[in-house]
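Descriptive analysis of the structure
Single-letter residue listing:
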Amino acid sequence: MTALDPGTPRPAPPARGGCLLLPSWAMGRFSLLLLILLLPLLATGASVPPSLAMRHLSSLHMPARHIARLTVTRDFTTHYIRQKVDHFGFDINKKFKQRYLIADKQWKKQGGSILFYTGNEGDIVWFCNNTGFMWDVAEELNAMLVFAEHRYYGESLPFGSRSFQDSRHLNFLTSEQALADFAEIVNYLKHTIPGAKSQPVIAIGGSYGGMLAAWFRMKYPHMVVGALAASAPIMQFENLVPCSTFMEIVTRDFKRSSPHCPENIRRSWGVIDKLGTSRSSLYWLSETLHLCSPLTDFHDIQMLKDWISETWVNLAMVNYPYECNFLQPLPAWPVKAVCKHLKDPKVSDQMLILNLFKALNVYYNHSGQAKCLNISETTTSNLGSLGWSYQACTEIIMPLCTTGVNDMFEPHSWNPKELAEDCFKQWGVTPRPSWINTLYGGRNIKSHKNIVFSNGELDPWSAGGVTQNITDDLVAINIQYGAHHLDLRSSNPLDPQTVRLARSLEVRYMQKWIKDFYANM
């Protein structure tokens, strides 16, 4: 019996605590028959049919006993560089220590390469340990691995403990400043590490880091020869894509696991509202869901529903085919595990809430160690929520909305005015929804080259991703059965064949960029 078995009595909940604010180039010859056969599918931005992939991968060794890989601690050295707080002005001369990690065991000074991870919103060690693809391909590419921490995250705080004090201190938290940091690190490495100066650099990143990898190649093409942008929603701005698609993909993932699962989740919102009308039903709801803090009013009910909604989104993002510990310790195919508890559409309201608890327990208590569920926490503390909250109020404005018809969530329209009011109240800033497209081009990026955009069909962020080839040199790889940047994770025996093929093609593109670099020296 786990610590949160619904049949286990528990003491009265403690006093309420605080909450977290949410806010086609020609490929030439391949030595591998596998890639020759599947290249037409991958290189055209199409998904790989699993049956075809199965036939051509059947000769690969698959161990009889699958051992899931959790986060692996990697062998790297930690370094710091003195960065300007403001790269684009001349009035502020303040500098800060920015952290970056280096792993050079597989690096060759002759004919080698540098794979540069463009750090995103969190501790760089955590991203380093969760980006096994780079470690897996380092030997094949004779690569030095560099993981750069994003300013205002992890240890890279421009103003130390005062970095999040107010908007004046946060004013330098922008993607432009972050890219300039990365450029300075590349320049520094090339001038201080013997053998690095004449080597090609490839940017790699996932999610926001994938956006940064693509933008790094766009803005600093003289410094990086190409970029792999995994699960990078660079089109999720303004009206480039419908705001409803993201949540529709989440819902589709749940429906694929069990036809009635989204139906029960959609029904749960009304049941929760009904139970929030009296003190006794609020207490019953708090007890049944084993919440760390009791629900006391309508505000708490809304917080609870927001927390549950974010949980379903996170599950869709990390719906990986094996056990892992990324946002939370989770079983293989966690959405399927959740929907196992939400497959009966005819249960009573009370039984629905009991089943809802069991479903939430999959995400928050797979380890069996949690004593209660904290509705102020949904992900690992390695992610920087304060910094991201500010960025989501300034330039990273990605419209999301729900209809309650084509998705399993309560209807909520995209309201820029409401966002602006909330952002001003929290940070004293006004969002600039058009700035990212003005800065990086939106859909008008045909002038760029050597960027591979990968997206998993299970990943809701694919809604804003590049899922069709733009040119022969701006390529889309769509991964059937792939969740959020699954291709950047370590190779695993339980990986779908489609993700293995995607990784193989990504390596081939990088090999061509490296070959072209040396051919043009």
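Residues numbered from 1 in each chain as written. Predicted model: local features only at pLDDT ≥ 70, side-chain atom pairs only at ≥ 80, totals over all residues. Heavy atoms only, no water.

1. Concerning a positive patch on the surface
A surface patch of like charges, here positive, comprises R82, K84, K94, K95, K97, R162 and R168. Of all elements in the fold, only strand 1 (77–84) and strand 2 (95–103) reach the threshold of two or more residues within the positive patch. Relative to the helices and strands, K97 resides in strand 2. (Patch = residues over 30% accessible without salt bridge, like charges linked within 9 Å, V, L, I, M, F, W, Y side chains within 5 Å. Areas by Shrake-Rupley, 256 points an atom, 1.4 Å probe, with all protein chains shown as cover. Salt bridge = Lys/Arg side-chain N within 4 Å of Asp/Glu carboxyl O. Lys, Arg positive; Asp, Glu negative; His and termini not counted. Charge placed at Lys NZ, Arg CZ, Asp CG, Glu CD. Helix = DSSP H or I, 4+ residues; strand = E, 2+ residues; numbered from the N terminus.)

2. Looking at the sheet that holds strand 2
Spatially, 1-2-4-3-5-6-9-10 is the arrangement adopted by the eight strands of the open sheet, whose pairing is mixed. Two strands lie at the open edges of the sheet, namely strand 1 and strand 10 (474–479), each paired on one side alone. Strand-to-strand twist of the sheet, defined as the mean angle between neighbouring strand axes without regard to direction, takes the value 20°. Pairing between strand 6 (residues 226–230) and strand 9 (residues 451–456): four bridges, direction parallel. Opposite A230, over in strand 9, you have S454 as the bridge partner. Contacts from helix 6 (residues 175–192) reach strand 1, strand 2, strand 3 (113–118), strand 4 (143–148) and strand 5 (201–206) within the one sheet, and its direction differs from that of strand 2 by about 60°. Together, strand 3, strand 5, strand 6, strand 9 and strand 10 form the strand contacts of helix 17 (residues 497–519), whose direction differs from that of strand 10 by roughly 160°. (Pairing = 2+ DSSP bridges. Axes fitted to C-alpha atoms, helices over the stretch in contact; angles between N-to-C directions. Contact = heavy atoms within 4.5 Å.)

3. Topic: the confidence of the model for the protein chain
Per-residue pLDDT for the protein chain has a mean of 87; in total, 85% of the residues score no lower than 70. Note that pLDDT drops below 50 for residues 5–71; the model gives that stretch 132 contacts with residues more than four away or on any other chain. (pLDDT = per-residue confidence, 0-100.)

4. Quick notes on helix 13 (residues 349–364)
For helix 13, built from 16 residues, the straight-helix expectation of 22 Å at 1.5 Å per residue is met to within 8% by its first-to-last C-alpha distance of 22 Å. Of all 16 residues in helix 13, twelve are buried; the element is thus mostly enclosed. Those residues of helix 13 that sit buried are D349, L352, I353, N355, L356, F357, A359, L360, N361, V362, Y363 and Y364. Residues of helix 13 that are buried in the fold lie against helix 9 (261–275), helix 10 (279–288), helix 11 (298–317), strand 8 (329–330) and helix 12 (334–339). (Expected span 1.5 Å × (residues − 1). Buried < 20%, exposed > 50% of the residue type's maximum accessible area, 1.4 Å probe, protein only.)

5. Some details on the packing of helix 8 (residues 245–257) against helix 11
Put simply, helix 8 and helix 11 touch, their axes get as near as 9 Å, and they point 75° apart. One element, helix 8, and the other, helix 11, form an angle in the roughly perpendicular class. Here helix 8 contributes F246, M247, V250, D253 and F254 to the contact with helix 11, which in turn contributes W312, V313, L315 and A316. Its residues assigned to classes, the contact of helix 8 with helix 11 shows eight nonpolar, no polar and one charged. (Parallel < 35°, antiparallel > 145°, perpendicular 65-115°, else oblique. Nonpolar A, V, L, I, M, F, W, Y, C, P; charged D, E, K, R; others polar.)

6. Focus: the packing of aromatic side chains
In total, this model carries 20 aromatic pairs according to the counting rule given. Geometrically, the ring pair formed by W126 and F127 is edge-to-face, given 5.0 Å between the ring centres and 65° between the ring planes. In this pair, the class of W126 matches that of F127, namely buried. Seen from their ring centres, Y152 and F164 are 6.2 Å apart, and the 65° between their planes marks the pair as edge-to-face. Of this pair, Y152 sits in the loop between strand 4 and helix 5 (167–170) while F164 sits in the loop between strand 4 and helix 5, and the two are twelve residues apart along the sequence. Aromatic rings pair up to connect Y117, W126, F127, W135, F147 and F326 into one cluster. When the ring centre of Y80 is taken as reference, the NZ or CZ atom of K97 above it lies at 4.6 Å. The ring of F326 has R489 sitting right over it, with the charged end atom 5.5 Å from the ring centre. (Phe/Tyr/Trp six-rings, centres within 6.5 Å; stacked < 30°, edge-to-face > 60°. Lys NZ or Arg CZ within 6 Å of the ring centre and 35° of its normal.)

7. Some points on the pattern of salt bridges
Counted according to the given criterion, the structure contains eleven salt bridges. Residues D349 and R267 are paired through a salt bridge, measuring 2.8 Å at the closest nitrogen-oxygen approach. Separated by 82 residues along the polypeptide, D349 in helix 13 and R267 in helix 9 bring together distant segments of the chain. Between K305 and D273 there is a salt bridge whose closest N-O contact spans 2.7 Å. In this pair, K305 sits in helix 11 while D273 sits in helix 9, placing the two residues 32 residues apart along the sequence.

8. As for the state of the cysteines
Every disulfide links exactly two cysteines, by a covalent bond between their sulfur atoms. Scanning all chains against the criterion turns up four disulfides. The disulfide partner of C243 is C401, and the gap between their sulfur atoms is 2.0 Å. Handedness of the C243-C401 disulfide follows from its S-S torsion of about 85°: it is right-handed. Here C243, found in the loop between strand 6 and helix 8, pairs with C401, found in the loop between helix 14 (385–391) and helix 15 (416–427); they are 158 residues apart in sequence, far enough to count as distant. Classification of C243 by relative accessible area gives partly exposed; the value is 22%. A disulfide bridge connects C393 with C423, and the sulfur atoms are separated by 2.1 Å. Every disulfide takes its handedness from the sign of the S-S torsion; for C393 and C423 that torsion is -80°, giving left-handed. With C393 in the loop between helix 14 and helix 15 and C423 in helix 15, this pair connects stretches of sequence that are 30 residues apart. Like C423, C393 is buried. (Disulfide = S-S within 2.5 Å.)

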